[in-house]
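Chain by chain, the residues:
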Amino acid sequence: MDFLVATSTYIIPLVIFFIVGYGVLNKTDVYDVFVEGAKDGMKTVWNIAPTLIGLMVAVGVLRTSGFLDFLGGLLAPVTEGIGFPSELVPLTLVKMFSSSAATGLLLDVFKEFGTDSYVGLIASIMLSCTETIFYTMSIYFLTAKITKTRWTLPGALVATLAGVITSVIIVNIF
Amino acid sequence: MLNLLWAAMIAIGIIYAALTGNMAAVSDGILSSAKEAVSLCITMLGVMALWTGLMEIATKSGLVAGCTKKIAPFMRWLFPGINVESDAMQYMTTNVIANMFGLGWAATPAGLKAMEALRNQDETGLAKKGVATDAMCTFLVMNISCLQLIPVNMIAYRSQYGSANPTGIIVPALIANLINTVIAIAFCKIVCSIRKGRCRG
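Note that the structure is a prediction, hence the values are computed from the model and not measured.

Caption draft 1: Seen up close, a nonpolar patch on the surface. All names here are of chain A. The grouping of Leu 161, Ile 165, Ile 169, Ile 173 and Phe 174 at the surface amounts to a nonpolar patch, some 500 Å² of accessible area in total. Within the fold, Ile 173 resides in helix H8 (residues 152–173). Under the relative-accessibility criterion, Ile 173 is labelled exposed at 59%.

Caption draft 2: Molecular detail of helix H5 (residues 99–113) of chain A. Residue and element names in this part refer to chain A. The terminal C-alpha atoms of H5, which comprises 15 residues, lie 21 Å apart, in line with the 21 Å expected from a rise of 1.5 Å per residue. Ala 101, Ala 102, Thr 103, Gly 104, Leu 105, Leu 106, Leu 107, Asp 108, Val 109 and Phe 110 are the residues of H5 that are buried. Just past H5, the residue Gly 114 takes up positive phi, approximately 95 degrees.

Caption draft 3: Structural view of the environment of Asp32(A). Relative to the assigned elements, Asp32(A) resides in helix H2 (residues 30–64). Each C-alpha atom of the pair Asp32(A) and Leu88(A) lies 43 Å from the other, and the pair is 56 residues apart in sequence.

Caption draft 4: The pattern of salt bridges, seen in detail. Residues and elements named next belong to chain A. Considering all chains together, one arrives at nine salt bridges over all chains under this definition. Two residues, Asp 69 and Arg 63, come together in a salt bridge whose shortest N-O distance is 2.8 Å. You can call Asp 69 partly exposed: its relative accessible area is 48%. Across the pair Arg 63 and Asp 108 runs a salt bridge whose closest N-O atoms are separated by 2.7 Å. Taken together, the positions of Arg 63 in helix H2 and Asp 108 in helix H5 put the pair 45 residues apart, joining distant regions of the chain. The class for Asp 108 is buried, based on a relative accessible area of 4%.

Caption draft 5: Layout of the nonpolar core. Grouped together as the largest cluster of nonpolar side chains are 109 residues, with contacts concentrated most on Leu91(A), Leu106(A), Phe79(B), Met92(B), Met115(B) and Met136(B). Not counting residues up to four positions away in its chain, the partners in contact with Met92(B) are Met75(B), Phe79(B), Ile82(B), Ala114(B), Leu118(B) and Phe139(B).

Caption draft 6: Focus on the packing of helix H5 (residues 87–100) of chain B against helix H7 (residues 134–145) of chain B. Residue and element names in this part refer to chain B. The contact between H5 and H7 brings their axes to 10 Å, and the two run at 10 degrees. With respect to H7, the element H5 is oriented roughly parallel. H7 is crossed by H5, and the crossing has left-handed handedness. Contacts between H5 and H7 involve Met 92, Asn 95, Val 96 and Asn 99 from the former and Phe 139, Met 142 and Asn 143 from the latter. Split into classes, the residues belonging to the contact of H5 with H7 amount to four nonpolar, three polar and no charged.

Caption draft 7: Quick peek at the packing of helix H6 (residues 118–128) of chain A against H8(A). Residues and elements named next belong to chain A. Close contact between H6 and H8 brings their axes to 9 Å; oriented N to C, the two are set at 140 degrees. The orientation of H6 relative to H8 falls into the category oblique. The element H6 and its partner H8 pack so that their crossing is right-handed. Contacts between H6 and H8 involve Tyr 118, Leu 121, Ile 122, Ile 125 and Met 126 on the former and, on the latter, Val 164, Ser 167, Val 168, Ile 170, Val 171 and Asn 172. Looking at the contact of H6 with H8, its residues break down into nine nonpolar, two polar and no charged.

Conventions we followed
- Residues numbered from 1 in each chain as written.
- Chains lettered and ligands numbered in written order.
- Predicted model: local features only at pLDDT ≥ 70, side-chain atom pairs only at ≥ 80, totals over all residues.
- Heavy atoms only, no water.
- Patch = residues over 30% accessible without salt bridge, like charges linked within 9 Å, V, L, I, M, F, W, Y side chains within 5 Å.
- Areas by Shrake-Rupley, 256 points an atom, 1.4 Å probe, with all protein chains shown as cover.
- Salt bridge = Lys/Arg side-chain N within 4 Å of Asp/Glu carboxyl O.
- Helix = DSSP H or I, 4+ residues; strand = E, 2+ residues; numbered from the N terminus.
- Buried < 20%, exposed > 50% of the residue type's maximum accessible area, 1.4 Å probe, protein only.
- Expected span 1.5 Å × (residues − 1).
- Core = buried A, V, L, I, M, F, W, Y, C linked by side-chain atoms within 4.5 Å.
- Contact = heavy atoms within 4.5 Å.
- Axes fitted to C-alpha atoms, helices over the stretch in contact; angles between N-to-C directions.
- Parallel < 35°, antiparallel > 145°, perpendicular 65-115°, else oblique.
- Left-handed = near helix turned anticlockwise from the far one by under 90°.
- Nonpolar A, V, L, I, M, F, W, Y, C, P; charged D, E, K, R; others polar.

Structural data, given as structure tokens:
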């Protein structure tokens, strides 16, 4: 993991250098354009703030009531057998339905175990490489008025499972 | 979906607390969670504004359009039955690129338009009857495997919660992402070849 972490620290500066450089070479007014775009980002955050407040409160209720620990304890014998931390089971399941609810649970994991702990690292990587299957499928197929989705769900589950397994393996290897 | 999930989370938590006598902790937890959400948003304001600003430069300078051209051969291989010049292909390419750059708000509209275009140009007539075509299935599985270059949100969350190295997960996440995308594509290709003959569009 150390080598990957060290390499990662170069990415953001390099990406910024590359994008700004590319902009300058193509005669873009980089700073004006940047400021214009940054406003959009602020609007996005402003819009998700109510969602985050609502969901973090709900997760806060679940956490402080002791229910998440209870659930983790219940699942521990099953998940520990296959080397998957039981603390991450609720997160993995919720992520298939709602990205913002998963974020609420993720932040709870960060608070309980730390961002750079074993569990925290798996959660970070796992959530970065999986998507909200059911939400995405329902809005996309609704738009195309499709009711028979054929092999989309199996495919989506294979992709998600692969992401979860890979996340655990990567954190264990490096 | 979220209505049910949210209500269930609150109901389960409060009922469980009532049964186990943890109500005082829950009461504190509610208020501190709401406060915490706001401080998280403040961290995110910085990171998100930085990212969307950079992406605006990438869009205006033609970098995004350049990348869209570069992945055309790959898209042709992925969707053999779809005309390269068609609207569906354009929208699908935009969607894939937008997802890669973490431009969620640009990805979804393009993705939805792609689905409509795929339905309209389907020649088998199955899509009109509500049956997903191979291209639709492949497109959605691709979308769900979500190849994202930089997980911007995750970096913001990690920095808010005191990570010693918030960006440290970029490369591991990229590797995990590549692997699951490759597996997703392999799955689509295998299913398509098993149903050979029907693998058009």
